[in-house]
Amino acid sequence: MKGLRIRELVRKEFIQLFRDRKNRPLLIITPLVQLILFGYVVSTDVRDIRLAMVDQSRTVESRMLREAYDANKTFRVILAPEDPRDLEQALLDRRVDMAVIIPPDFSATLRSGQTAEVQILVDGSMSNMASVRISHTLTALKGLNDRFVRELYPQRLEYGRIDGLIRTWYNPNLDSQYFYVPGIVAFLIMLLILLFTSMAIIREREAGTMEQLIVTPLTSSEWILGKTIPYILIAQAQMLAVTLFAVWWFEIPMVGSAPLLFGATCLFLLSTLGIGLFISTISTTQQQAMMTTFFFMVPFFMLSGFVFPISNMPLPVQWFTHLNPLRHFLVIIRGIFLKGTGFEVLWPQFAALGLLGLAVFSAAVGRFRKHLD
């Protein structure tokens, strides 16, 4: 194996990549644009709940309930119809997210010391958002209940109680961007490198230069290294750029070791490049390679724990996710970003990435050798 041959092939690959003007924004601008887009769009935080309220009681107590929602910055009362039947159309048209109906006997029931019921209608078409909205409205009702108890029973009640002192580590404000942005960084690196690598051999074949490379003194190992080294360098540069942007723009804390993160990226790229090369060897056109790449990307995304918790999946599927390199890399990148986790904790993920990378890369090299024969 001669370094000069590999160096010249790497130089040729860089020239070929950047000579095409369409590749330049994909390699440089696209990761940052997608990071901004996904960083703001992918969020489970609920900050604006549109509320409709029907007040059939029209008493001081019902107005206090209305004020309790108005005082909560999460809610915004935008509709107050006279007829409860109008709420169905408002929910159907998605003008409101929730509706509260206060019955006529609301005040009298409260003053008699009994439990007053209010009907709460929730748009459940998005179940995860509905559960969060229900949690917020129950919190608002609890605060109002405490206020009513203090007014109805002004005497001080002495009794033992349990008080939980909650402190959230690693994400004090429970901001969903802390969870999603590091995952987006990993996903973008995998997507872009997989796309470009999967078309590496196809591009040579379609350009008519494959035969010229075969008759050169390049060995199979030199050819593979020359093809993959440019993408390793590009991926590391993209990783550096999007990491700095995530820390600077989204203010995601980076409390762990940067060298450990980039070492994990190298192992992750071993799997990603191997999969891309394997796709390139089994495809005949760039369109076919692109479609095959997206066929791989969907399961990688769904089974990575990026959005859906792996613990909620069926047990056989949980076992299958161990074959997904993105799953292991997400554990590493989130641990390093948010927790400052070291290698002594993350070594199982490093080992899994190393084994998967060697297996996939060896399969890609073996497949490529068969094509050379």
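Residues numbered from 1 in each chain as written. Predicted model: local features only at pLDDT ≥ 70, side-chain atom pairs only at ≥ 80, totals over all residues. Heavy atoms only, no water.

Peer 1: Before we go on, may I ask you to explain the packing of aromatic side chains in this structure?
Peer 2: In the structure shown here, the tally under the stated rule is 14 aromatic pairs. Measuring from ring centre to ring centre gives 5.2 Å for Phe343 and Phe350, while their planes differ by 65°; the resulting arrangement is edge-to-face. On the accessibility criterion, Phe343 (45% relative accessible area) is partly exposed. We classify Phe350 as buried; its relative accessible area is 9%. Three or more aromatic residues joined by ring pairs make a cluster, and in this case those are Phe179, Tyr180, Phe187, Phe301 and Phe306. When the ring centre of Phe179 is taken as reference, the NZ or CZ atom of Arg334 above it lies at 3.7 Å. (Phe/Tyr/Trp six-rings, centres within 6.5 Å; stacked < 30°, edge-to-face > 60°. Buried < 20%, exposed > 50% of the residue type's maximum accessible area, 1.4 Å probe, protein only. Lys NZ or Arg CZ within 6 Å of the ring centre and 35° of its normal.)

Peer 1: Sorry if this is basic, but what is going on with the side chain of Thr341 here?
Peer 2: Along the chain, Thr341 turns up in the loop between helix 14 (325–339) and helix 15 (343–372). Beyond its immediate chain neighbours, meaning those up to four positions away, Thr341 contacts Leu260, Gly335, Ile336 and Leu346. (Helix = DSSP H or I, 4+ residues; strand = E, 2+ residues; numbered from the N terminus. Contact = heavy atoms within 4.5 Å.)

Peer 1: Just to check I follow, could you spell out the environment of Asn171 for this structure?
Peer 2: With respect to the element layout, Asn171 can be found in the loop between helix 6 (127–152) and helix 7 (176–198). Residues Asn171 and Lys339, 168 residues apart in the sequence, show an inter-C-alpha distance of 9.2 Å.

Peer 1: Honestly, the nonpolar core in this entry has me stumped. Any pointers?
Peer 2: Nonpolar side chains tend toward joint burial in soluble globular proteins. Counting 60 residues, the largest nonpolar core has Leu35, Phe329 and Ile333 as its most contacted members. Only helix 1 (3–19), helix 7, helix 8 (200–207), helix 10 (220–249), helix 11 (258–282), helix 12 (286–302), helix 14 and helix 15 provide two or more residues apiece to this core. Take this core: its biggest share by element is 15 residues, from helix 7. Membership of the second largest hydrophobic core comes to 19 residues, among which are Leu51, Tyr69, Met98 and Val100. (Core = buried A, V, L, I, M, F, W, Y, C linked by side-chain atoms within 4.5 Å.)

Peer 1: How should I be thinking about helix 11 in this particular structure?
Peer 2: Because an α-helix packs 3.6 residues into every turn, residues spaced three or four apart end up facing the same way. Over its 25 residues, helix 11 runs 36 Å from end to end, which matches the ideal 36 Å to within 8%, given 1.5 Å per residue. The distance from a side-chain oxygen at the start of helix 11 to the backbone nitrogen of Leu260 is 3.2 Å, and the residue carrying that oxygen is Ser257. (Expected span 1.5 Å × (residues − 1). Polar contact = N/O pair within 3.5 Å; in protein donor to acceptor, adjacent residues only side chain to side chain.)

Peer 1: Would you explain helix 7 in this entry?
Peer 2: Counted at 1.5 Å a residue, the expected span for helix 7 with its 23 residues is 33 Å, and the 33 Å between its end C-alpha atoms agrees. By the criterion of burial, helix 7 is predominantly enclosed, with 22 of the 23 residues buried.

Peer 1: What is the right way to read the packing of helix 11 against helix 14 from this model?
Peer 2: Geometrically, a packed helix pair is captured by the angle between its two axes and the distance between the axes. At a minimum axis separation of 10 Å, helix 11 and helix 14 run at an interaxial angle of 165°. In this view, helix 11 runs roughly antiparallel relative to helix 14, as classed from their interaxial angle. Between helix 11 and helix 14 lies a crossing whose hand is left-handed. Residues Leu260, Leu261, Ala264, Thr265, Phe268, Ser271 and Ile275 of helix 11 form the contact with helix 14, whose own contacting residues are Pro325, Leu326, Phe329, Ile332, Ile333, Ile336 and Phe337. (Axes fitted to C-alpha atoms, helices over the stretch in contact; angles between N-to-C directions. Parallel < 35°, antiparallel > 145°, perpendicular 65-115°, else oblique. Left-handed = near helix turned anticlockwise from the far one by under 90°.)

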